[in-house]
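Chains, contacts and geometry: an overview
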Amino acid sequence: SADLLEKLAIDSQTNGVRKTTGICEKRAISNDEQGNAIYSDTPNPDKAWRLSDSLLLNIETRDVFHTSFPHDFSILVTFKAEYVKYFNLISIYSREGVVQLSFTISDNITFSWRDNSETTASTRNSLLTATFTSRIKDNEWHRLAVSCKGDSITLLTDCNTQQTKPFLRRKDSSLDLSGVTFVGQSTNATKNFDGIIQQLFVIPTSEAAYEQCVDYIPDCESPFPYEDVIFTEPTTFYDNANSETKPSTEEISETFTKNTTTVITSSTDNYNFTEIPVFPDVRFI
C-alpha cells in the first residue's frame, strides 16, 4: 500500500505542520477474551498532523506510483476539517497541469478519474465523475473510504453509510502519472485544507475500503490491528521508476504556474464530464 503522509515525509519541522492528536485521544492497547478494551496507564493517543491552509503538500506522482496506478483500488482517509467545503483530499495532475484524479469535498463529495483509454478516440482523455451526498461536518472527525472496482465506485462514510455509483471506465483505462500529486488543494484557488489529517492510504485492492474501520482505523476501544505493517513501514506496490524519464520538480512547477486555463468539455451518454479546476499558484516543498 502507499501511505501518502509517509511519502510526503511531513513532520513537526515542516512549516505549516504540527503534530497533534488524531481521532482517538486514548486508544486501547489490546482487548481481553471478552473483547473489552485494555488501556495503558499513560495516554495512548493516535498521531495526526495539523495542517495550515497556507500549506499545499505535494510530491512527484512517480515517487509514489512508479509505473502505474491500480485499476481497482481503495483510498482511505481519516481527517477533521475546520471548514469542509471546497478542497481536494487528493488530486493528481499530469505534467501539463491536467487533472487525472481528484477526491473533492464540497457541497457534495466528488471523485474524478481521467480515462486515458486508447480504445475509443471519442472518449479518450475524458474526465469521468461520480458525485455522492456529503455528510461531512465542520470540526468533526470522519473516516472515508472509496472502493473502485471495474465499472462502479462506492463511498463509505464513517463506517455506517454506503453509496454506490456507476463508474464506466474502459478496461484499459489508465492515469497519466507524469506530474504531481497534491494533498489538501483548494478547488477555488483560495484556502487549502485547514484541519487535521491522520491517514491517507491508496491500496491496490477494492476490498480494503470495507475494512477501513476494522483493519486500518478501528474505533478507540480497539488497538491498531497491523500497526507495524501499516503505520511503521509502509511500502509502495510498484516497480522501480526509470529516473531518466521522470521530469524534475522544477520542470513541473514551471509548467503548472503557467497553465491556468480552464477547459470545459461536452458530455456523452456514458460519461459525465466536468470543468477542469483552474490550477492555483502553489508553493513546492
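Residues numbered from 1 in each chain as written. Predicted model: local features only at pLDDT ≥ 70, side-chain atom pairs only at ≥ 80, totals over all residues. Heavy atoms only, no water.

Looking at an unreviewed UniProt entry, one finds the protein chain named Collagen alpha-1(XI) chain-like protein, with Leptotrombidium deliense as its source organism.

**Section: the overall build of the protein chain**
Using the following cut-off: In this description a helix means any DSSP run of H or I spanning at least four residues, a strand means any run of E spanning at least two, and both kinds are numbered starting from the N terminus. When accessible area is computed with a 1.4 Å probe and restricted to protein chains, residues below 20% of their type maximum are described as buried, those above 50% as exposed, and intermediate ones as partly exposed. Each accessible area is a Shrake-Rupley estimate made with a 1.4 Å probe; only the visible protein chains count as cover when residues are assessed.
A count of helical and extended segments in the protein chain gives 4 helices and 16 strands. Out of the 285 residues belonging to the protein chain, those deemed buried represent 46%. If you sum the accessible surface of the protein chain, you get close to 13,600 Å²; carbon and sulfur atoms cover 43% of it.

**A short note on the state of the cysteines**
Condition: By disulfide we mean two sulfur atoms from cysteines, separated by a distance within 2.5 Å.
Evaluation of the coordinates by the stated rule reveals 2 disulfides. Between the sulfur of Cys-24 and that of Cys-220 lies a disulfide, 2.0 Å long from S to S. Torsion about the S-S bond of the Cys-24 and Cys-220 cystine: about -95 degrees, corresponding to left-handed handedness. Placement of the pair is Cys-24 in the loop between strand 2 (17–21) and strand 3 (30–31) and Cys-220 in the loop between helix 2 (212–216) and helix 3 (227–232), with a sequence separation of 196 residues.

**Brief notes about the side chain of Asn-58**
Selection rule: Between N or O atoms, a polar contact is any pair within 3.5 Å; within protein, one atom must be a potential hydrogen donor and the other a potential acceptor, and residues adjacent in sequence are included only when both atoms are from side chains.
Residue placement: Asn-58 occurs in strand 6 (residues 57–60). Given a relative accessible area of 8%, Asn-58 falls into the buried group. Here Leu-56 takes part through its backbone oxygen, which lies 3.1 Å from a polar atom of the side chain of Asn-58.

**Things to note about the pattern of salt bridges**
Where charged atoms from two side chains of opposite charge come close, those side chains can pair. Selection rule: Any Lys or Arg side-chain nitrogen found within 4 Å of a carboxyl oxygen on Asp or Glu counts as a salt bridge.
Inspection of every chain in the model, using the stated rule, returns 6 salt bridges. Among the ionic pairs, Arg-27 bridges to Asp-46, the shortest N-O distance being 2.7 Å. One end of the pair, Arg-27, is in the loop between strand 2 and strand 3; the other, Asp-46, is in the loop between strand 4 (37–38) and strand 5 (47–51), with 19 residues separating them in the sequence. The two residues Arg-27 and Asp-46 agree in class, both being buried. In this structure, the salt-bridge partner of Arg-143 is Asp-219, at a minimum N-O distance of 2.8 Å. Pair noted here: Arg-143 is in strand 12 (residues 141–149) and Asp-219 is in the loop between helix 2 and helix 3, with a separation of 76 residues, a long-range link. Since its relative accessible area comes to 12%, Arg-143 is described here as buried.

**Some words on the nonpolar core**
Quick note on the threshold: In this description, a nonpolar core means a group of buried Ala, Val, Leu, Ile, Met, Phe, Trp, Tyr and Cys residues linked to one another through side-chain atoms lying within 4.5 Å.
Among the nonpolar cores identified, the biggest contains 46 residues, and Phe-69, Ile-75, Phe-79, Phe-103, Phe-111, Leu-144 and Ile-197 are the most heavily contacted of them. Among the elements that take part in this core, strand 7 (residues 73–81) stands out by supplying 5 residues, more than any other. Core analysis: the next-biggest nonpolar cluster, separate from the first, contains 8 residues, Leu-76, Ala-145, Ala-209 and Tyr-216 among them.

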